[in-house]
Amino acid sequence: IQRYFQRHYAAYHPMIDRSAYFIEKGLSLLRRNGILGFIMSDRWFRGKAGSPLRSVVKMYQIEELVYTGEPGEGTNNSALCIIRIANCISSHAFFVTRISPSFKGQLFDYIPSHRYTLDPAKLDDDSWALRDIRMEDIFCKVQQSGTPLEDYVMGQVFPGIKIGLEGPFFIDEALRKQFIKDDPGCKSLIRRFVAGTGITRYQTPKNPNYLIFIPKYWTDDPSSSIPHQWRRFKSRHPSIARHLKLSFEKAKTPRKPGDHWWETSCEEIWRGKHPKIFFRNRFKRPAFVFDEGWAIADHTVGVIPSSNLYLLGLLNSRLMFLVFNNFIQISGTEQKMHSWDDLKNLPIYTPDFDNPDDNIRHDRMVALVTEMLELHMHLSDAKTNYEKRIVMKEIESIDRQIDSLAYSL
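All values derive from a computational prediction rather than experimental measurement.

Engineer: Go over a nonpolar patch on the surface, please, and point to the residues and values.
Structural biologist: Taken together, the side chains of Ile-39, Leu-80, Ile-82 and Leu-107 define a hydrophobic patch exposed on the protein surface, amounting to about 320 Å² of accessible area. With respect to the helices and strands, the residue Leu-107 is situated in helix α4 (residues 107–114).

Given below as structure tokens:
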């Protein structure tokens with residue numbers, strides 16, 4: 001029988017499963033453009049024994065291939081495959097669907113939503129991996145067209161300020177309003193406080209805490225007629241000074257001689273109004289939020305000093321999340337939490353402002369992100385569930401448009 005197969009079948013190999021000969025015979029019996037469907041083991045995808053059959057099948061137009069595992073899965077290191085072949089010369093890509101061996105359900109429902117296309121020219125003669133390379137192609141294209149995030153922001157990434165989460169410097173909304181009512185000039189010293197746990201895409205908590213924030217050397221003023229720094233501070237902002245002094249005396253907090261205990265050491269970006277993009281220092285899923293300039297973030301937050309809403313939209317897009325996940329998978333590190341080191345190589349497309357199309361796409365992204373920020377403000381102010389549902393639908397619509405624009409870029 002082996003000698004017979006060897007003489008009559010191009011798919012012959014002494015170790016091949018005999019279903020190979022049924023495939024070849026079936027193809028020879030088909031009329032032009034006829035279709036053969038066959039259920040068999042998938043072992044012929046791999047190894048020398050399947051090489052002759054792979055060569056035979058590649059001469060025809062494969063229409064679809066469904067298989068139920070990967071090499072090594074199933075009985076005898078094989079799994080089930082279903083192949084559909086047309087009796088004509090290969091001219092186009094074919095559908096591939098990989099089904100988990102544990103799948104239980106209707107294939108007619110599962111296959112249309114899980115299939116992908118594969119170019120037969122990319123099938124390796126040594127083995128058919130049947131990998132879905134669409135994502136790899138996207139990642140390759142995105143990386144080639146983008147600038148690493150760290151280079152895009154010119155390395156300007158800062159940590160938040162190390163601040164204890166208790167004490168007289170933290171106040172609520174009611175006390176903030178009272179201080180500003182008594183002393184309108186103190187408004188710039190009472191800053192919205194942001195912690196990493198409160199950061200989600202495009203938004204921070206609805207009811208924020210506030211921080212009395214006086215930067216280092218802020219009280220020093222050589223031109224002032226009042227020589228003593230504390231007296232100078234007290235004369236300018238009596239309500240805040242009285243609150244801090246009473247709180248410290250009550251708590252009996254030690255103070256170093258000559259130290260401006262009411263001041264906080266900080267980077268230049270925290271001293272005035274500097275627009276910023278915040279993200280968590282440690283996170284499972286990256287999320288970015290915009291601050292117009294006055295908020296203060298603690299050490300659990302990373303800060304990009306930028307007012308670039310175009311960048312904010314790209315960073316919060318689904319495409320960047322997919323690229324981020326790809327980086328994590330390639331690195332092979334099984335870490336539960338991620339950091340700036342996992343973000344710094346995200347590829348950011350730099351628009352060519354001499355190109356009218358790039359100009360339009362950039363401006364469109366800024367407009368969409370501006371609308372997104374406004375919608376999130378409306379969402380936080382919504383009183384009823386109906387209002388919230390309406391706003392959420394608009395947010396989802398804008399999100400889809402931003403994702404589409406990110407792919408376009």
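Engineer: Please provide a residue-by-residue account of the packing of aromatic side chains, values included.
Structural biologist: Centre distance and the angle of the planes are the two values used to describe a pair of aromatic rings. Within this structure, the stated rule accounts for 14 aromatic pairs. Chaining the aromatic ring pairs together yields one cluster made of Tyr-4, Phe-5, Tyr-9 and Tyr-21. The cationic tip of Arg-115 hangs over the ring face of Phe-95; the distance from NZ or CZ to the ring centre is 4.2 Å. Its end group placed over the ring of Phe-321, Arg-285 keeps NZ or CZ at 3.7 Å from the ring centre.

Engineer: Lay out the pairing of strand β2 (residues 61–67) in plain terms, naming residues and giving numbers.
Structural biologist: Burial runs high along β2: seven of the seven residues are buried. One ladder, built from six bridges, connects β2 with strand β3 (residues 80–86); its direction is antiparallel. Residue Ile-62 lies in a different strand from β3, and its bridge partner there is Ile-85. Relative to strand β4 (residues 94–98), β2 runs parallel, the two sharing four bridges. What sits directly across from Glu-64, in β4, is Phe-95.

Engineer: Tell me about the sheet that holds strand β11 (residues 276–280), and name the residues and values.
Structural biologist: Ordered in space as β7-β14-β11-β12, the four strands form an open sheet in which the pairing is antiparallel. Of all the strands in the sheet, just β7 (158–159) and β12 (288–291) have a single pairing partner and so form its edges. Bridge analysis of β11 against β12 gives four bridges, and the strand direction is antiparallel. Each residue of the ladder has a partner; that of Ile-277, found in β12, is Phe-290.

Engineer: Account for the environment of Pro-208, with residues named and values stated.
Structural biologist: Position of Pro-208 relative to the elements: it lies in the loop between β9 (190–194) and β10 (209–212). Looking at Pro-208, the relative accessible area reads 18%, which means it is buried. Remark: the alpha-carbon pair of Pro-208 and Ile-171, spanning 37 residues in sequence, is separated by 9.9 Å.

Engineer: Give me the lowdown on the nonpolar core, citing residues and values where you can.
Structural biologist: Nonpolar side chains in soluble globular proteins generally cluster together in the buried interior. If you look at the biggest cluster of nonpolar residues, it comprises 42 residues, and the most contacted ones within it are Leu-312 and Leu-346. Discounting residues that sit within four places of it in the chain, Leu-312 has contacts with Tyr-202, Ile-277, Phe-288, Val-289, Phe-290, Val-369 and Leu-373. Ile-212, Phe-213, Ile-214 and Trp-261 belong to the second largest nonpolar core, which has 36 residues in total.

Engineer: Report on the pairing of β11, specifying residues and quantitative values.
Structural biologist: With four of five residues buried, β11 lies mostly within the body of the structure. Relative to strand β14 (residues 301–304), β11 runs antiparallel, the two being bridged by four bridges. Paired with Ile-277 across the bridge in β14 is Ile-304.

Engineer: Tell me about the pattern of salt bridges, and name the residues and values.
Structural biologist: Tallying each qualifying case throughout the model produces twelve salt bridges. A salt bridge links Arg-176 to Glu-173; the nearest nitrogen and oxygen atoms lie 3.3 Å apart. With Arg-176 and Glu-173 both in helix α7 (residues 173–182) and three residues apart, this pair spans about one turn of that helix. Arg-201 is paired through a salt bridge with Asp-399; the nearest N and O atoms lie 2.8 Å apart. In this pair, Arg-201 sits in the loop between β9 and β10 while Asp-399 sits in helix α14 (residues 385–408), placing the two residues 198 residues apart along the sequence. Residue Asp-399 is classed as buried on the basis of its relative accessible area, which comes to 16%.

Engineer: Describe in detail the packing of helix α13 (residues 356–381) against α14, supporting the description with residues and values.
Structural biologist: Contact geometry of α13 with α14 gives a least axis separation of 10 Å together with a crossing angle of 160 degrees. As judged from the angle between their axes, α13 and α14 are roughly antiparallel. The handedness of the crossing between α13 and α14 is left-handed. Of the residues in α14, those in contact with Arg-361, Arg-364, Met-365, Leu-368, Val-369, Glu-371, Met-372, Leu-375, His-376, His-378 and Leu-379 of α13 are Lys-388, Val-391, Met-392, Glu-394, Ile-395, Ile-398, Asp-399, Gln-401, Ile-402, Leu-405, Ala-406 and Ser-408.

Engineer: Describe the side chain of Glu-263, with residues and values.
Structural biologist: If you trace the backbone, Glu-263 turns up in the loop between α9 (238–251) and β11. Of the buried charged residues, Glu-263 lacks a salt bridge, with Lys-216 as the closest side chain of opposite charge at 4.9 Å. The residues touching Glu-263, leaving out its near neighbours within four places in the chain, are Ile-214, Pro-215, Lys-216, Tyr-217, Trp-218, Thr-219 and Asp-220.

Thresholds, definitions, all that
Residues numbered from 1 in each chain as written. Predicted model: local features only at pLDDT ≥ 70, side-chain atom pairs only at ≥ 80, totals over all residues. Heavy atoms only, no water. Patch = residues over 30% accessible without salt bridge, like charges linked within 9 Å, V, L, I, M, F, W, Y side chains within 5 Å. Areas by Shrake-Rupley, 256 points an atom, 1.4 Å probe, with all protein chains shown as cover. Salt bridge = Lys/Arg side-chain N within 4 Å of Asp/Glu carboxyl O. Helix = DSSP H or I, 4+ residues; strand = E, 2+ residues; numbered from the N terminus. Phe/Tyr/Trp six-rings, centres within 6.5 Å; stacked < 30°, edge-to-face > 60°. Lys NZ or Arg CZ within 6 Å of the ring centre and 35° of its normal. Buried < 20%, exposed > 50% of the residue type's maximum accessible area, 1.4 Å probe, protein only. Pairing = 2+ DSSP bridges. Core = buried A, V, L, I, M, F, W, Y, C linked by side-chain atoms within 4.5 Å. Contact = heavy atoms within 4.5 Å. Axes fitted to C-alpha atoms, helices over the stretch in contact; angles between N-to-C directions. Parallel < 35°, antiparallel > 145°, perpendicular 65-115°, else oblique. Left-handed = near helix turned anticlockwise from the far one by under 90°. Lys, Arg positive; Asp, Glu negative; His and termini not counted.

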